[in-house]
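Spelled out, the chains give:
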Amino acid sequence: MSKNAVLVINCGSSSLKFSLIKPETSELIVSGIAERLLTKDAFIKTKYNGVKDQQSLSGNFDHEAALEKIVEFLLENKLDKDLVGVGHRIVHGGEAYSQPTLVTEEVKEGIENLAKLAPLHNLVNLTGILASEKAFADLPQVTVYDTAFHQTMPEKAYLTGLPYHFYKDHGVRNYGMHGTSHYFVTKQAAEMLGKPYEESSFISAHLGNGCSITAVENGRSVDTSMGLTPLAGVVMGTRSGDIDPGIIFHLVDKLGYSVDDVNRILNKESGLLGISGMSNDCRTIEDAVVNDNDERANLTMDIFCYRIAKTIASYTAALTHLDGIIFTGGIGENSNLVRERVGKSLKLLGVEIDPERNLAARFGNSGKISTDSSHNCWVIPTNEEQVIAEQTFALIQQEK
């Protein structure tokens, strides 16, 4: 029997997803996720042969330790026998990597160099590659880049207001992230509408610990909220999103913070965590809103949802028509509260969220959440892993 399964490793800033997929049939053999890494509440969930399992990860479990646990699980269950290769989600490929790429020493060096543009991601993505090479030395490793889908953006969208030579000489521009996710869910939405993807236009909101909004015109990304790095855009779990650049000078010149301090604050101590003072996890903040009527938690949710709605509304300027708005990602798929508040701020776009549909579309359930008279709004669970598996398999077959 020919080997026809791909192991997909998806290292996020605070999580690690893995899937074993047969891309030719879309069969998901096993899946799992390690969440809340680097906290005392870290745990790993797996699903295999219809059986779900969850284990606490004692100690300060990081991405490397989680990967070792996953490899141990695969070997114990002899799930490595059909493996043809390993596909890795890489957040930032710059302009150098716009297509799936076989891993070489040069590619690993390139990913590491680009970590300056994705400090919370590229290094943990590289950790996944190194651990997989150690566990599966004879298998090809393939990288698939979040930035690739956004290479279709026009200059007016990806260039910044800085002098042009910063782009020409140093590649300073907006790159965008979550491209694999935005591609998958917008393609799914086009299929749901029965329209050719090349004639369909959407605004996609990928909401998780990292968040990005993307305008897709006729199947091509034309604008997106993340920029040179994943720090830009809306408020996120620990990231500030867009701020007045003058704040940085104020923090350094007037308040005495170092540049390294500011980098840490903006990337790791801001967003939901910084505003709420309690957690970067939206679930924790929602619990405080719903169960405790906590004033600061409620303010945090208001800021988060308002910034998302404002960005969605602004992206109508990038489109000639709009077939609908998509919510995806861990928060986008599961938080009816976030979707409800975002929808209320989009009334001028003709958006009205149906409470019953919105409540039903959680925990893996997809579907329309808007009223019949509203502009289309859907929840579509993302499946970056399926896209990565397909692209990894195609490249490996092409190289044979």
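Residues numbered from 1 in each chain as written. Predicted model: local features only at pLDDT ≥ 70, side-chain atom pairs only at ≥ 80, totals over all residues. Heavy atoms only, no water.

A. Spotlight on the overall build of the chain. On a plain count of helices and strands, the chain comes out with 15 helices and 14 strands. On C-alpha atoms alone, the chain measures out to a radius of gyration of 21 Å, which is about the 21 Å that the 2.2 N^0.38 rule sets for 400 residues. Out of the 400 residues belonging to the chain, those deemed buried represent 54%. Restricting to contacts in the chain with at least 6 residues of sequence separation, those with at least 24 account for 63%. Seen as two clouds, the 37 positive and the 51 negative side-chain charges of the chain have centres 2 Å apart. (Helix = DSSP H or I, 4+ residues; strand = E, 2+ residues; numbered from the N terminus. Rg over C-alpha atoms; globule rule 2.2 N^0.38 Å. Buried < 20%, exposed > 50% of the residue type's maximum accessible area, 1.4 Å probe, protein only. Contact = heavy atoms within 4.5 Å. Lys, Arg positive; Asp, Glu negative; His and termini not counted. Charge placed at Lys NZ, Arg CZ, Asp CG, Glu CD.)

B. A look at the packing of helix H10 (residues 282-292) against helix H13 (residues 336-344). The N-to-C vectors of H10 and H13 enclose an angle of 75°; their axes lie 10 Å apart at closest approach. Classified by the angle between their axes, H10 and H13 sit roughly perpendicular to one another. Across the interface between the two elements, Cys282, Glu286 and Val289 of H10 pack against Leu337, Val338 and Arg341 of H13. Here the contact of H10 with H13 is built from residues that sort into four nonpolar, no polar and two charged. (Axes fitted to C-alpha atoms, helices over the stretch in contact; angles between N-to-C directions. Parallel < 35°, antiparallel > 145°, perpendicular 65-115°, else oblique. Nonpolar A, V, L, I, M, F, W, Y, C, P; charged D, E, K, R; others polar.)

C. Quick look at the sheet that holds strand E11 (residues 220-224). With mixed pairing, six strands are arranged side by side in an open sheet as E11-E10-E9-E12-E14-E13. The open sheet has two edge strands with one neighbour each: E11 and strand E13 (367-368). Pairing between strand E10 (residues 211-217) and E11: four bridges, direction antiparallel. Note that in E11 the partner of Thr214 across the bridge is Thr224. Of the strands in this sheet, strand E9 (202-207), E10 and strand E12 (324-328) are in contact with helix H11 (residues 295-314), which crosses E10 at around 15°. (Pairing = 2+ DSSP bridges.)

D. Broad picture of the nonpolar core. Leu207, Ile213, Phe304, Ile308, Ile312, Val338 and Val342 are the most contacted members of the largest nonpolar core, which has 41 residues in total. Only E9, E10, H10, H11, E12, H13 and strand E14 (377-379) provide two or more residues apiece to this core. The leading source of residues in this core is H11, at seven residues. Those residues in contact with Val338, other than ones at most four positions away along the chain, are Leu207, Cys282, Glu286, Met301, Phe304, Cys305, Ile308 and Ile331. (Core = buried A, V, L, I, M, F, W, Y, C linked by side-chain atoms within 4.5 Å.)

E. Looking closely at the sheet that holds strand E1 (residues 5-11). Taking strand neighbours across the sheet as the criterion, the eight strands line up as E5-E4-E3-E2-E1-E6-E8-E7 in an open arrangement whose pairing is mixed. For this open sheet the edge positions go to strand E5 (51-56) and strand E7 (101-102), each flanked by a neighbour on one side alone. Sheet topology places strand E4 (residues 43-48) next to E5; six bridges connect them, and they run antiparallel. When the sheet's bridge partners are listed, Ile44 is paired in E5 with Gln55. Across the sheet, helix H2 (residues 105-113) touches strand E6 (83-90), E7 and strand E8 (141-145), and the angle it forms with E8 is around 35°. Where helix H15 (residues 384-399) meets the sheet, it contacts E1, strand E2 (16-22), E6, E7 and E8, and its direction lies at approximately 125° from that of E6.

F. The arrangement of the packing of aromatic side chains in detail. Considering all chains together, one arrives at seven aromatic pairs under this definition. Of the aromatic side chains, those joined through ring pairs into one cluster are Phe149, Tyr183 and Tyr197. In this structure, Arg173 is placed above the aromatic ring of Tyr158, and the distance from its NZ or CZ to the ring centre is 3.8 Å. Arg173 extends its terminal NZ or CZ atom over the ring of Tyr175, reaching a point 4.7 Å from the ring centre. (Phe/Tyr/Trp six-rings, centres within 6.5 Å; stacked < 30°, edge-to-face > 60°. Lys NZ or Arg CZ within 6 Å of the ring centre and 35° of its normal.)

G. Region of interest: a nonpolar patch on the surface. Taken together, the side chains of Ile243, Ile247, Ile248 and Phe249 make up a nonpolar region of the molecular surface, amounting to roughly 320 Å² of accessible area. For Ile243, the location among the structural elements is in the loop between E11 and helix H7 (246-254). When its relative accessible area of 32% is taken as the criterion, Ile243 is described as partly exposed. (Patch = residues over 30% accessible without salt bridge, like charges linked within 9 Å, V, L, I, M, F, W, Y side chains within 5 Å. Areas by Shrake-Rupley, 256 points an atom, 1.4 Å probe, with all protein chains shown as cover. Salt bridge = Lys/Arg side-chain N within 4 Å of Asp/Glu carboxyl O.)

H. Structural detail: the side chain of Glu35. Of note, Glu35 is situated in strand E3 (residues 27-35). Not counting residues within four places of it along the chain, the set of residues in contact with Glu35 comprises Ser14, Ser15, Ala42, Phe43, Lys45 and Arg283.

I. Structural context of helix H1 (residues 63-76). Here H1 spans 20 Å end to end across 14 residues, near enough to the 20 Å set by a 1.5 Å rise per residue. Those residues of H1 that fall on the buried side of the exposure criterion are His63, Ala66, Leu67, Ile70, Val71, Phe73 and Leu74. Take H1 and look down its axis: the buried residues cluster within an arc of 155°, on one side only. As for H1, its buried residues are in contact with E1, E2, E3, E4 and helix H3 (122-135). One side-chain oxygen at the N-terminal end of H1 lies 3.4 Å from the backbone nitrogen of Glu64; it belongs to Asp62. Looking one or two residues beyond H1, the residue adopting positive phi is Lys78, at roughly 55°. (Expected span 1.5 Å × (residues − 1). Arc of directions from axis to C-beta. Polar contact = N/O pair within 3.5 Å; in protein donor to acceptor, adjacent residues only side chain to side chain.)

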